Amino acid sequence: MPQKTSLRQDLTQRLHQTLSPAQLKFVRLLEMNQPEVEEEVRHELEENPALATAETDGDHNSTDDFNETAEQIQLADYSDDDEIPHSGAGAGRHHDAFDWAEASAQSSPMSLMEYLTAQVNELHRDPAVAATAEYIIGYLDSNGYLSRSLQSIADDVVFTTGADIPMETWQKGLDTVRSLDPAGVGARDLRDCLLIQLRRMPEDTDGNVALAREIVAHYFDIFSLKHFSRLESALGVNSDKLREAVEVIRSLNPKPAADIGEDPMLDRTRHIVADFIVEHADDATVTVTLPNSIPELEIERSFREEPADAAARSFIARRREQAGDFIDMLRLRNETLFNVMSAIVTIQHDFFLSGDESDLRPMVLKDVAALTGYDISVISRATAGKYVATPSGTYPLKFFFNEGVAGSSDDDGGHSTHAILAAIKSAIDNEDHNSPLSDDAIKEILASEGIDIARRTVAKYRERLGIPVARLRKDIR
């Protein structure tokens, strides 16, 4: 018997939010930092002939009246022929408005490989040894360490070039690399790096270099763990003698090649451009400024009129609308950023006056959203990748966001993460280095200051500060 099939209609309701292209563009602008926005404005001025700078537009008013046809407008906007002078609508309207200097070409410094290879060539060694040394140099990391074994390097060379070089030659090549400057390149690990440097140091009359060499060669594990009493017994020296040898070791460079090949042009890329400037007056008034090297934008004069030609009218209307939207979004971006920064300053007012991290209050995105009325996602985008310049330094905006830890009393407003980190650092800085504070001892000190946190939280914050455990902070008595 055939089965019956039934048809049924269901009515479901879904809530789906879609961002318009203009909203997406605003979100992207909001996430950009100052240099990125400047580049975006430059791009828009190049792409949209309806967008112009107010300064240049004033220059246009002093020239002849606009009398180009729709065909000439579109030719000026879309021409791919570099020989055609773009004298149409918006041409040459903004190039003088921005004071953005082009980066001049500079010769790059000698790389680590070039620096070491030049030394190999100056040694006038056996060509085969020089060749293996150059191969080995290519396997060094940025600090000058060699992590690959000679056999694996030799296998790579056989595979790529077919040259079967004896291991004896490879060893001579490695010895050559280890003899180069700076001392320590070609080392297998930290212990090996320190030994290379110690073996090149001249002997001193007090025998401190010899003792340091013995410590690194035979007692490196004990030294690393700072078991100084065991070192004194093993070496048969007193604490003063051991301290002098340890100072010799600490004077060595654990990353001998780290500074070679450092490009000065990297300083330009590492340079932080502040998106905000916060200053304060003697009366504790704090002001927020948005530094802005972007000229005032407006609709290009020739795009404010309606031509008779339908094709030209459509083109001009579309470009004019795009330019207007961009100007509005740029204004809204600046307004949003200013409001967000002002809210941060309101919450962290004490810090901006003192510059003391212990004055930072607990603050999360929700707190700023409550003051501004913006959504948390807007606050997150407005603060991502942005920096503020203050009298005490330049900080990323994310620096001011931190979870709070409740105080020990009801009247206590809590303590920020930065305040706790500062308290832990202060306790360790003032400890007796012959008897460093344990995490439990630090916990008790913080509790006496009204900061009630667990020992494991102390350990987490201590590690965040890059401070080792008490045993590794101990000095020689």
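Residues numbered from 1 in each chain as written. Predicted model: local features only at pLDDT ≥ 70, side-chain atom pairs only at ≥ 80, totals over all residues. Heavy atoms only, no water.

**Quick word on helix H18 (residues 376-383)**
Okay, step 1: Every buried residue belonging to H18 is among Ile 379, Ala 382 and Thr 383, and all of these are buried. End-on view of H18: buried residues confined to an arc of 90°, all on one side of the axis.
Okay, step 2: Among the residues trailing H18, Gly 385 stands out with phi positive, at a value near 70°. (Buried < 20%, exposed > 50% of the residue type's maximum accessible area, 1.4 Å probe, protein only. Helix = DSSP H or I, 4+ residues; strand = E, 2+ residues; numbered from the N terminus. Arc of directions from axis to C-beta.)

**Observations concerning unusual backbone geometry**
Okay, step 1: In this structure, Pro 182 follows Asp 181 across a cis peptide bond, with omega equal to 0°.
Okay, step 2: Tracing the backbone shows Pro 182 in the loop between helix H8 (167-178) and helix H9 (190-200).
Okay, step 3: Although it is not a glycine, Lys 226 sits at a positive phi angle of roughly 60°.
Okay, step 4: Mapped onto the fold, Lys 226 is located in the loop between helix H11 (220-224) and helix H12 (228-235).

**Some remarks on the sheet that holds strand E2 (residues 276-280)**
Okay, step 1: Sheet architecture is open: 4 strands sit in the order E3-E2-E5-E6, paired in mixed fashion. Each having just a single partner strand, strand E3 (286-289) and strand E6 (393-396) make up the two edges of the open sheet. Each adjacent strand pair in this sheet contributes to an overall mean axis angle of 25°, direction not counted.
Okay, step 2: Pairing of strand E5 (residues 387-390) with E6 involves 4 bridges; the strand directions are antiparallel. Paired with Val 388 across the strands is Tyr 395, a residue of E6. (Pairing = 2+ DSSP bridges. Axes fitted to C-alpha atoms, helices over the stretch in contact; angles between N-to-C directions.)

**Quick word on the nonpolar core**
Okay, step 1: Of all hydrophobic cores here, the largest spans 44 residues; its most connected members are Met 341, Ile 344, Phe 352, Val 368 and Phe 400.
Okay, step 2: Not counting residues up to four positions away in its chain, the partners in contact with Val 368 are Val 340, Ala 343, Ile 344, Ile 347, Met 363, Ile 379 and Phe 401.
Okay, step 3: Ranked by size, the runner-up nonpolar core spans 21 residues in total, among them Phe 220, Phe 223, Leu 231 and Val 237. (Core = buried A, V, L, I, M, F, W, Y, C linked by side-chain atoms within 4.5 Å. Contact = heavy atoms within 4.5 Å.)

**Some points on the side chain of Ser 302**
Okay, step 1: Following the sequence through the fold, Ser 302 ends up in the loop between strand E4 (297-299) and helix H15 (310-347).
Okay, step 2: Judged by relative accessible area, which is 5%, Ser 302 ranks as buried.
Okay, step 3: Among the polar contacts made by the side chain of Ser 302, one reaches the side chain of Glu 300 at a distance of 2.3 Å. (Polar contact = N/O pair within 3.5 Å; in protein donor to acceptor, adjacent residues only side chain to side chain.)

**Points about the packing of helix H20 (residues 439-448) against helix H21 (residues 455-464)**
Okay, step 1: Where H20 meets H21, the axes come as close as 9 Å, and the angle between the chain directions of the two elements is 100°. One finds that H20 runs roughly perpendicular with respect to H21. Each of Asp 439, Asp 440, Ile 442, Lys 443 and Leu 446 in H20 lies in contact with H21, whose residues at this interface are Arg 455, Val 458, Ala 459 and Arg 462.
Okay, step 2: Of the residues belonging to the contact of H20 with H21, the class tally is 4 nonpolar, no polar and 5 charged. (Parallel < 35°, antiparallel > 145°, perpendicular 65-115°, else oblique. Nonpolar A, V, L, I, M, F, W, Y, C, P; charged D, E, K, R; others polar.)

**Some words on the pattern of salt bridges**
Okay, step 1: The final tally for this structure, using the stated rule, is 20 salt bridges.
Okay, step 2: Residue Asp 429 pairs with Lys 425 through a salt bridge whose shortest N-O separation is 3.0 Å. Pair noted here: Asp 429 and Lys 425 are both in helix H19 (residues 417-429), with a separation of 4 residues, about one helical turn.
Okay, step 3: Note on Asp 429: relative accessible area 45%, which makes it partly exposed.
Okay, step 4: In this structure, Asp 439 and Arg 455 form a salt bridge, with 4.0 Å as the shortest nitrogen-oxygen distance. Of this pair, Asp 439 sits in helix H20 while Arg 455 is found in helix H21, placing the two residues 16 residues apart along the sequence.
Okay, step 5: Connected through shared salt-bridge partners, Lys 25, Arg 28, Glu 40 and Glu 44 make up one network. (Salt bridge = Lys/Arg side-chain N within 4 Å of Asp/Glu carboxyl O.)

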